Amino acid sequence: MKISADKKQSWDLRLYVAGQTPKSIVALANLRKICAEHLRDEYHIEVIDLVRNPQLARQHQILAIPTLVRSLPMPIKKIIGDLSNTEKVLLGLEVRPRS
């Protein structure tokens, strides 16, 4: 399928956490800030609590928490940690920082 150059790219992001731990709360706050600054309205965030759904850790191959997974655009990318280093997160997600 061909996608026109002017079509906006959509980012599908999943943040895997284990309850409301301080590290999980910080990771979500950092992710929201990064998305607002660099992806504008071109993203969707889903938070998956592995305390409520522990079977998803194995199904989705999550080995540490918090873990951010970018499923779109392909290829899939994973980043582990609280996402406090914005530069590393942008590099890991292959997002070009907005100037």
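Above this note sits the structure.
What counts, and where the lines are drawn
Residues numbered from 1 in each chain as written. Predicted model: local features only at pLDDT ≥ 70, side-chain atom pairs only at ≥ 80, totals over all residues. Heavy atoms only, no water. Salt bridge = Lys/Arg side-chain N within 4 Å of Asp/Glu carboxyl O. Buried < 20%, exposed > 50% of the residue type's maximum accessible area, 1.4 Å probe, protein only. Helix = DSSP H or I, 4+ residues; strand = E, 2+ residues; numbered from the N terminus. Pairing = 2+ DSSP bridges. Axes fitted to C-alpha atoms, helices over the stretch in contact; angles between N-to-C directions. Contact = heavy atoms within 4.5 Å.

Counting across every chain of the model gives three salt bridges. In this structure, D49 engages R52 in a salt bridge whose closest nitrogen and oxygen atoms are separated by 4.0 Å. With relative accessibility at 17%, the residue D49 sits in the buried group. Where E94 meets K77, a salt bridge forms, and the shortest distance between an N and an O atom there is 2.9 Å. On the criterion of sequence distance, the pair formed by E94 in the segment after helix 3 (86–93) and K77 in strand 4 (residues 77–80) is long-range, its members being 17 residues apart. Residue classification places E94 among the partly exposed residues on the basis of a relative accessible area of 48%.

Turning next to the sheet that holds strand 1 (residues 11–17). Read from one edge to the other, the open sheet built from four strands follows the order 2-1-3-4, with strand pairing classed as mixed. At either end of the open sheet lies a strand with only one pairing partner, and these are strand 2 (43–49) and strand 4. Here the average twist between neighbouring strands, direction ignored, is 20°. Two elements, strand 1 and strand 2, share seven bridges in a ladder whose sense is parallel. Residue V17 lies in a different strand from strand 2, and its bridge partner there is D49. Relative to the sheet, helix 1 (residues 22–38) contacts strand 1, strand 2 and strand 3 (67–72), its axis offset from that of strand 2 by approximately 175°. Helix 3 contacts strand 1, strand 3 and strand 4 of the sheet and is inclined by roughly 160° relative to strand 4.

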